[in-house]
Amino acid sequence: MVTTEQDARPDVASNADDYALRVEGLKVYYGTPRGLVKAVDDVSFNLRPGERFALVGESGSGKSTLAMAIMRLTREPGHIAGGHIYLGDRDLVEMEEKEIRSIRLSEMALVPQGAMNSLNPVMRVGDQIIDGIMDHVPPGEGTPNRTQLNTRIHDLLVRVGLDPTVSRLHPHELSGGMKQRVAMAIAISLNPHIIVADEPTSALDVVVQRQIMQTLGRLQEGLDAAVLLVGHDMGLVAQFADTIGVMYAGKLVEVGSVPDVFKDPKHPYTKLLIQSLPSFDISRQFVGIPGMQPALLNLPPGCAFNPRCPSVHERCFREVPEYLNLDVGRGVACHLFDEEAAN
Amino acid sequence: MSDFMRLEHVTRTFGGGALSTKPPIVAVDDVSLSIDEDEPKITTIAGESGSGKTTLARLLMGTITPSFGSMYYRGKDFTKLSRKDSWNFKQEVQSIYQDPFGSYNPFYKVDHVLETPINRFKLATSRQAKNTMIEDALAMVGLQPGDTLGRFPHQLSGGQRQRVMVARALLIKPRLILADEPVSMVDASLRATILDSIRRLNREIGISVVYITHDLTTALQISDNILVMYRGSVVESGAVERVILEPKHPYTQLLIESIPQPDPDNKWGDEPPTARFEDFDTMFGCKFADRCPHVMEMCADEHPPQFHLEQHRQAQCYLYRDEAKVMEDPDLATIFQDRRAELNV
Ligand SMILES: Nc1ncnc2c1ncn2[C@@H]1O[C@H](COP(=O)(O)OP(=O)(O)OP(=O)(O)O)[C@@H](O)[C@H]1O
Ligand SMILES: Nc1ncnc2c1ncn2[C@@H]1O[C@H](COP(=O)(O)OP(=O)(O)OP(=O)(O)O)[C@@H](O)[C@H]1O
Ligand code: SF4
Ligand code: SF4
Ligand SMILES: [Mg+2]
Ligand SMILES: [Mg+2]
């Protein structure tokens, strides 16, 4: 039974249906001639309505693979090899393509990585935004007329910091960041419950970035939509997100609230990540985390981080650490916490 | 000092032809800049999205030509290069494009991207030398050959695609690398490693680098000088640590203030001022006037000149008209600093 006290806590959903999205034991593998690439390997996490969850981690650690799988957009040779993705009580993994398509249109929006390359090169920006809107008119609702559409386009472009005249241009006439903002405008035009944004601001200057994230934030609050933000910019994550999930070599190795993870990172990789954050101190050594990223096709036995970990011990070479829940919404996958979690 | 490339009063516009009702977009507005070969530097270009950074890089790359002004490659007029000079230019100037998702031919494996320049420019004499070269270049960007070679571009993550492009430029060891957001999809730690490789090549074998980025922290770490662009103009430029740590132009100040801090206790403040599109009459005066907190009457009349604020810095802003003189030589490189001795690697 759920107590009222618990209900009042923002990070506790009183039962499963209160989550906007639940990912359970998700596995996404790519078949290659040289073996299986386990890009997402047994990942679980939850998103509450209105939550802003940031997924960070090294390049190649599986963030986009996870984001695409949540949209059920995994492409060959990739496949979902196990697990569940619950949207409310419906499991997206089990769904037919037809059903999933209607959900994608009405409930989930994606800003893919490399969005600036996702626009149609022969179509004017305004028409692409219209296409997006028309695709998403809920059944039974009348289609908007031309004037309404134009007002809508004008409004969306201004919201992402673009001059409304941009609607008449073709993608090749736009800068990288302008294209990225058009992709963002299309995504926010749809009033989704879940917004998956894969590095949506990587090509934007910080002034525009701030404007767009604030726009996204306001929109998301208005809709009570959950946002899954994939990115590596820890500054942006600290500013925007509530919760942070850290991936390493296909696994989610740490989850926690943004203040907790920044102030008290648990996993040795997260610790190094926080320590290596760049600053304006030029006297400081300019170094990354020592050691090479592991090859996903050839992971070391035990913990994948063991060749680079300063706290490595005997057990780390034998056993893959399990994801341990330390507290509500706080967890880590590292043998250093095995005992703490057992208590 | 010998100029490898020189831009003199270069302006590049798009659209607005005789039949067009719209005024042209001035993507790069009267920029003079030389790239010096004897003191190869790392120059950052930062600034607003859409301010002309990529256009400036494309001019330097020779893929577009100036609408006004002139360009020289090793002292020769760029529009009249001989075939031999053009060929040399293609080897000596390498670019890393902003969009790694659009940079690949999807039908070729990644290996092709790395092998082609080796064959084309005859960089290796044996199969083995070629492989070593490729592996070394991949290692410099933190990639494992086993996880990269033999794959098609769509089989790599965004950051991996970006890094292959960096590896390609490093492997050719040109005289000038034009890197347009080369590490925008890579995490901070790996960014440090890759940029460090670029800096080493700059110092050790004298490669000049133009580094276009929105990441001012890494700009400060690796570059000698910086240009800050706003709507086609270089509004402030000079020694990187002066400009970033003590910005003078109101746009640069806004930019630096807006950097998101990786500190949840130090959150973004109020809404940043955004352009008012309706009444922007920045045709003649300062282009930042419609957003500038310090705007004065005079700012609307004429575009501010390059005020030479201190040895290694200029800013296009009337706030400094009393304390500083207008730069005599508009070439921005004349005020650049050389940080190589100080930042020895
Ligand atoms: N081929 C083109 N045709 C028409 N306009 C163009 C073309 N290329 C660029 N522009 C315009 O020139 C301006 C500068 O674009 P540019 O790509 O140089 O910006 P940028 O500084 O690289 O921006 P970002 O940081 O967003 O990549 C923009 O207003 C853009 O719309
Ligand atoms: N089609 C594919 N076939 C084989 N391996 C793939 C394929 N697509 C991706 N991979 C591999 O899966 C791993 C995860 O890729 P993913 O794109 O999810 O990484 P990411 O965390 O988003 O990285 P980045 O930050 O660089 O975008 C990478 O090592 C990548 O090489
Ligand atoms: S399990 Fe061991 S090797 Fe892995 S992160 Fe923890 S201490 Fe380091
Ligand atoms: S010239 Fe005037 S409007 Fe332009 S930045 Fe300086 S003070 Fe502001
Ligand atoms: Mg990715
Ligand atoms: Mg650009």
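Note: the structure precedes this text.
Computed from a predicted structure; not experimentally measured.

Draft legend 1. Spatial organisation of the coordination of the magnesium ion (ligand 5). Note on the magnesium ion (ligand 5): its protein donors are A:S64 (OG) and A:Q113 (OE1). The metal-donor distances range over 1.9 to 2.2 Å. With A:S64 in helix 2 (residues 63-70) and A:Q113 in the loop between strand 6 (108-111) and helix 4 (125-135), the pair connects residues that are 49 residues apart, well separated along the chain.

Draft legend 2. Highlighting the site of ligand 3. The full set close to ligand 3 counts 14 residues, and A:C303, A:C309, A:C316, A:C334 and A:H335 are the nearest of them. Of the residues that constitute the shell around ligand 3, the class distribution is nine nonpolar, five polar and no charged.

Draft legend 3. Quick peek at the pairing of strand 11 (residues 324-327) of chain A. Residues and elements named next belong to chain A. Direction of pairing for strand 11 relative to strand 12 (residues 330-332): antiparallel, over a ladder of three bridges. Looking at strand 12, one finds that D327 is bridged to R330. From the end of strand 11 to the start of strand 12, which pair antiparallel, there are two residues, and G329 there has a positive phi angle of about 65°.

Draft legend 4. Looking closely at the coordination of the magnesium ion (ligand 6). Residue and element names in this part refer to chain B. Coordination of the magnesium ion (ligand 6) by the protein comes from T54 (OG1) and Q98 (OE1), over a distance range of 1.9 to 2.3 Å. Pair noted here: T54 is in helix 1 (residues 53-61) and Q98 is in the loop between strand 6 (93-96) and helix 3 (110-120), with a separation of 44 residues, a long-range link. Using a relative accessible area of 26% as the deciding quantity, one classes T54 as partly exposed.

Draft legend 5. Structural detail: the nonpolar core. Formed by 40 residues in total, the largest nonpolar core has its most connected members in A:I129 and A:L216. For this core, the secondary structure elements donating two or more residues are strand 6, helix 4, helix 5 (146-159), helix 6 (176-188), strand 7 (194-198), helix 7 (206-223), strand 8 (226-230) and helix 8 (234-240) of chain A. With eight residues, the top contributor of residues to this core is helix 6 of chain A. Once you skip the residues sitting within four places of it in the chain, A:I129 turns out to touch A:I153, A:L156, A:L157 and A:I186. Grouped together as the second largest cluster of nonpolar side chains are 36 residues, B:L138, B:L143, B:V186 and B:I207 included.

Draft legend 6. Representation of the sheet that holds strand 4 (residues 68-73) of chain B in the model. All names here are of chain B. Pairing within the open sheet is antiparallel, and its four strands lie in the order 2-1-4-5. A single partner strand is all that each edge strand has here, and the edge strands are strand 2 (25-36) and strand 5 (76-77). Pairing of strand 1 (residues 3-14) with strand 2, which is carried by eight bridges, proceeds in the antiparallel orientation. The partner of R6 across the bridge, within strand 2, is S34. Relative to strand 1, helix 1 is tilted by about 130°, and along the sheet it contacts strand 1, strand 2 and strand 4. Strand contacts of helix 2 (residues 83-92): strand 1, strand 4 and strand 5, with the helix running at about 85° to strand 4, the strand carrying the most contacts.

Draft legend 7. Layout of the site of ligand 4. Taken together, B:H249, B:P250, B:C286, B:A289, B:C292, B:H294, B:V295, B:C299, B:P304, B:C317, B:Y318 and B:L319 make up the full set of residues near ligand 4. Taken together, the residues of the shell around ligand 4 break down into 10 nonpolar, two polar and no charged.

Draft legend 8. Just the side chain of B:K41, in detail. All names here are of chain B. Note that K41 resides in the loop between strand 2 and strand 3 (42-47). Overall, K41 belongs to the buried group, its relative accessible area being 11%. Beyond its immediate stretch of four places on either side in the chain, K41 contacts D36, N202, S208, V209, D224, N225, F336, Q337 and D338.

Draft legend 9. Spatial organisation of helix 10 (residues 268-275) of chain A. By the criterion of burial, helix 10 of chain A is predominantly enclosed, with six of the eight residues buried. Within the sequence span of helix 10 of chain A, burial applies to A:P268, A:Y269, A:T270, A:L272, A:L273 and A:I274.

Draft legend 10. Focus on the environment of B:F78. Residue and element names in this part refer to chain B. Structurally, F78 is set in the loop between strand 5 and helix 2. As for F78 and R6, which are separated by 72 residues in sequence, their C-alpha atoms are 9.5 Å apart. Every residue in contact with F78, bar those within four places of it in the chain, is listed here: M5, G62, M71, Y72, Y73 and F89.

Thresholds, definitions, all that
Residues numbered from 1 in each chain as written. Chains lettered and ligands numbered in written order. Predicted model: local features only at pLDDT ≥ 70, side-chain atom pairs only at ≥ 80, totals over all residues. Heavy atoms only, no water. Donors = N, O, S within 2.8 Å, 3.2 Å for Na, K, Ca; no water. Helix = DSSP H or I, 4+ residues; strand = E, 2+ residues; numbered from the N terminus. Near = heavy atom within 4 Å. Nonpolar A, V, L, I, M, F, W, Y, C, P; charged D, E, K, R; others polar. Pairing = 2+ DSSP bridges. Buried < 20%, exposed > 50% of the residue type's maximum accessible area, 1.4 Å probe, protein only. Core = buried A, V, L, I, M, F, W, Y, C linked by side-chain atoms within 4.5 Å. Contact = heavy atoms within 4.5 Å. Axes fitted to C-alpha atoms, helices over the stretch in contact; angles between N-to-C directions.

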